[in-house]
Amino acid sequence: MSWKKTLGLVVVAALLGGFYYWYEVKGGEQRKAAEEAAQRIFQLQKDAIEAVTITRGSETIKLTKDAAEGWMLTEPVRAKAEQRTVDEVLDGLVEGKRDKVITEQPNDLTEFGLKEPSLVVQASVKDASTPTTLQFGARTPTMSSYYAREGEQSKVLMVPASLHSKFDKNVFNLRDKTVLSLDQAQVKRVEVQHEEHRIAVESEGEQGWKMMAPLEAKADKAKTNDLISAINAAKVKEFIEEAPQDLAKYGLNPPRWRLTFFVGDDRAEKSLLLGDEDTSKGGLNAKRGSLEPVFLVETKLLEKLPKEASDWRDRALMAFKRDNAERVEIRDGDSIVEVACVENCGKIPDDRWQLKQPLEAKADAVKVRTLLRNLEELKAKAFIAEEASDLTPYGLDHPSARIHIWLKGASAPVTLLLGGEDADRGGRYVKLQERPAVYLVESKDATELLKMAPELRDLKLLAFKARDVRKIEVDQPDATVVLEEDGGTWTQVKPSRAKLEDYKVRSLLWKMEDLEFKEEWAAAAVAPDVHGLEQPAATLTLWGPDGKKLETIKFGKKLEGKEWVYAQLESSPMLYAVDAKILADLPKRTGDI
């Protein structure tokens, strides 16, 4: 084939491809758009609609677009409209389509329910001399559509029932039901007046809220924010009276509750008054400003309101972050327990802690962190006295326990004093040494803080990580089992070679890694014939990479009357008691693991 013929075919193919694209693809899209536009009842632009009138029988509702306020209800009441519902109406006018034309020239509109339409929608459009009108008549026999008529045109249309529902709105549907619009970030102060009690809190930005009345104290950030969120999300349940003359009958003169929010840098006031509960309607009478209507809100809003100052006080007692703690000392009677961070302080989970008193030993970092978390999160059950001049009634003149916490960069510790129990209130009196106030905390919370040394000590017997083990040897009187790892796969090499299920080996290593001792003694304190470690029931040796021995542990006889066995590490002269169940986990022969 000559190059001229080839070039000609290429040109023809390109022309055909271009024709297909522009006619079938682009042209198809344009034709589809034109068909859809032809199906629309009106050719309107949403932004051009300036007013909408909906007539439902004898009820007429008018919506008008205000340049400053947005869409407003202007008949039968003047009020802000609910934008979402207005958009639904506008979308119906712009996107509404007919199913088909039923007849071009009906003999009688009555049979279609269009002699006296049940619903009429009129839209006033910018620069249009006459309004756009759609009349709805009766429902079709299939109940899926309605008969309709565009303005005074003679032809009768069939439109989907979904279009009718976009316009079938009453005043309540179209009215904005926002109780109070609040931007939480802009609320600078909240005041709650209930009878003679007034609670006021001031925003401290990211730090939360500070109570200013009836006393100065740290306020509960979550509860204050919850109220603001609840008010902002609240919706009017029913509008009761547009221009009330007698507010007393609603419990609004004076109101049972007055909520005032100071918003923005200019501290503009937004108020909400709450009155009596209307049990018959399941709501609470409410009102905004002096010219506003009375309406109902859900009674559950009361759950967010503080009845007294203590409801909104921050109940956290210990103003510290546990990541900053470097040392803790617990003095409970004659007992002194002290732990100190010795490595990677504040860098969880790499921090390392050491018991300093009553003995020098490794502390369990997880247990210490739990203690610090319990201290940091300790909350007041009740506020007993703001300034207690006499601490004797609370057992705090001579506290039964003290907890000192030394923080990074601080010269003096934070000190919590623990006093007597109050059985009637189910709590224990406490006080921070640097504050005059007395608090009550839950008894169980106080008990959780008074740890003994064994409760904070690291009781794990073996200092290794399962992931570092490359070889395991288990020697027992009648057998020796050796397991080796190569490239992530474990194999038994003695007494015979066998492939192993890796997860079973890992399970054994995890159990050994987590093995804890119950008691400990100096080796000389227990006779050899009692501990049985000279002829052990089992000896376990672990090796790491490059053949480095990690540890060897021997297991001896059972302790009398207990399900424990004696154990001893090659690296330590001490004797330990461990759970006897560990012996059952050690492999004795091929197939045990």
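Small disclaimer: the values here were computed from a predicted structure and weren't measured. (Residues numbered from 1 in each chain as written. Predicted model: local features only at pLDDT ≥ 70, side-chain atom pairs only at ≥ 80, totals over all residues. Heavy atoms only, no water.)

S.K.: I tried to follow the pattern of salt bridges on my own but got confused; where do I start?
M.R.: Proximity of charged atoms lets side chains of opposite charge pair with each other. Applying the stated criterion across every chain yields a total of 41 salt bridges. Here Glu241 and Lys249 are joined by a salt bridge, their closest N and O atoms 4.0 Å apart. Judged by its relative accessible area of 53%, Lys249 falls in the exposed class. Here Glu442 makes a salt bridge to Lys381, at a shortest N to O gap of 3.6 Å. Placement of Glu442 in strand 27 (residues 438-442) and of Lys381 in the loop between helix 7 (365-376) and strand 23 (382-385) is noted, with a sequence separation of 61 residues between them. (Salt bridge = Lys/Arg side-chain N within 4 Å of Asp/Glu carboxyl O. Buried < 20%, exposed > 50% of the residue type's maximum accessible area, 1.4 Å probe, protein only. Helix = DSSP H or I, 4+ residues; strand = E, 2+ residues; numbered from the N terminus.)

S.K.: Looking at this structure, I do not really get the sheet that holds strand 4 (residues 79-80). What am I missing?
M.R.: The strands making up a sheet are joined through hydrogen bonds of the backbone, oriented either antiparallel or parallel. The strand order across the open sheet formed by 9 strands is 4-3-2-1-6-7-8-9-5, and the pairing between neighbours is antiparallel. The two strands at the open ends of the sheet, each matched to only one other strand, are strand 4 and strand 5 (100-103). Examined bridge by bridge, strand 5 and strand 9 (residues 156-160) share 3 bridges and lie antiparallel to one another. Paired with Lys100 across the bridge in strand 9 is Met158. Packed onto the sheet, helix 2 (residues 83-95) meets strand 1 (49-56), strand 2 (59-66), strand 3 (70-75) and strand 6 (119-125) and runs at close to 90° relative to strand 1. (Pairing = 2+ DSSP bridges. Contact = heavy atoms within 4.5 Å. Axes fitted to C-alpha atoms, helices over the stretch in contact; angles between N-to-C directions.)

S.K.: Is there a simple way to explain the nonpolar core in this structure?
M.R.: Side chains of a nonpolar character, in soluble globular proteins, are inclined to be buried together. Among the nonpolar cores identified, the biggest contains 38 residues, and Met318, Leu375, Ile403 and Leu416 are the most heavily contacted of them. Looking at this core, the element that brings in the most residues is helix 7, giving 5 residues. With near-sequence residues (within four places) excluded, Leu375 lies in contact with Met318, Phe320, Ile403, Ile405, Leu416 and Leu449. (Core = buried A, V, L, I, M, F, W, Y, C linked by side-chain atoms within 4.5 Å.)

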